[in-house]
Amino acid sequence: TQASQSHNKEAIVALREMRSLSIRFKKQIADFLNWLIESGWKIKFTDFQQGSESDEALHEDLISMLSRKSQATHIKNPEPAEFKNAAFVLGMRLHSIISAIKNEIPFLAINYAEKVEAFLKYAGLSQYLLTISQLDCKDMIEKFRDIQKNQAKITQQLKQFNQSALEEHQKLEK
C-alpha cells in the first residue's frame with residue numbers, strides 16, 4: 001500500500017543479463033544505486049531468469065560495485081511476495097515491470113526489447129522508460145526524484161491501469 005511504501009525505502013532491482021551490456025551501463029546503474037543507498041534506501045536484487053542466461057552474474061557484478069554492500073540483498077528465486085514491501089522498482093525484465101504495476105509500485109524500466117516499450121505504451125506509462133543505450137545516472141536520479149514528488153499521482157495511475165486491465169480481462173472471459 002502507498003502508506004507503507006512511503007516509509008519503507010526498499011528498491012527492487014531486476015536487470016537482464018546480456019552479453020552486450022557495457023561497463024558504462026553497469027557503472028551508470030551502480031552510481032544510481034549508490035545514490036539511492038546514500039539516500040537511505042535498501043536494494044534488493046532479484047533474479048527473474050535462472051539457468052544459462054541467469055541474471056545472477058550481472059547482479060553480483062553490480063553488488064561488487066556498491067559502496068555499502070551491506071545495504072543490498074540478492075534474491076535468486078523471487079516469490080511474488082518480494083514486491084509487497086518495495087517502494088520502487090528498477091527493472092529490465094518485463095515481468096518485474098508487470099509486478100511493479102500490479103503492486104502499484106513506482107518504477108523505472110530499462111528498455112532492452114520492443115516488448116518492454118510496447119507494453120509501457122499500451123499501459124500509458126512510457127514516461128517511465130529509459131533507453132538502454134543512453135542510460136545516464138543523472139537522468140535516472142532526476143526521473144526518480146520526479147517519481148517521489150508525484151508518488152500519489154503515479155500510484156493512482158497504476159491503480160487505474162490495473163482496474164482497466166481487469167475489466168478488459170473480464171470482457172474477454174465472457
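Just so it is clear, the structure is predicted and the values come from calculations on it, not from any experiment. (Residues numbered from 1 in each chain as written. Predicted model: local features only at pLDDT ≥ 70, side-chain atom pairs only at ≥ 80, totals over all residues. Heavy atoms only, no water.)

Q: In this structure, what is going on with the packing of aromatic side chains? I would like to understand it.
A: The relative placement of two aromatic rings is captured by the distance of their centres and the angle of their planes. What the rule picks out here adds up to 11 aromatic pairs. For the pair Phe 48 and Phe 83, a centre-to-centre distance of 6.1 Å together with 70 degrees between the ring planes defines the contact as edge-to-face. You can see Phe 48 sitting in the loop between strand 2 (42–46) and helix 3 (56–64) and its partner Phe 83 sitting in the loop between strand 3 (72–75) and strand 4 (88–91), a full 35 residues away along the chain. These aromatic residues form a ring-pair network of at least three members: Phe 32, Trp 35, Trp 41, Phe 88 and Phe 144. (Phe/Tyr/Trp six-rings, centres within 6.5 Å; stacked < 30°, edge-to-face > 60°. Helix = DSSP H or I, 4+ residues; strand = E, 2+ residues; numbered from the N terminus.)

Q: Can you help me understand the sheet that holds strand 3 in this one?
A: Within a sheet, neighbouring strands are paired by backbone hydrogen bonds and run either parallel or antiparallel to one another. Here six strands make up an open sheet; going across it, the order is 3-2-1-4-5-6 and the pairing parallel. Each edge of the sheet is formed by a strand with only one pairing partner; in this case those strands are strand 3 and strand 6 (129–131). On average, each strand axis in the sheet is inclined to that of its neighbour by 20 degrees, with strand direction left out of account. Pairing between strand 1 (residues 10–14) and strand 4: four bridges, direction parallel. (Pairing = 2+ DSSP bridges. Axes fitted to C-alpha atoms, helices over the stretch in contact; angles between N-to-C directions.)

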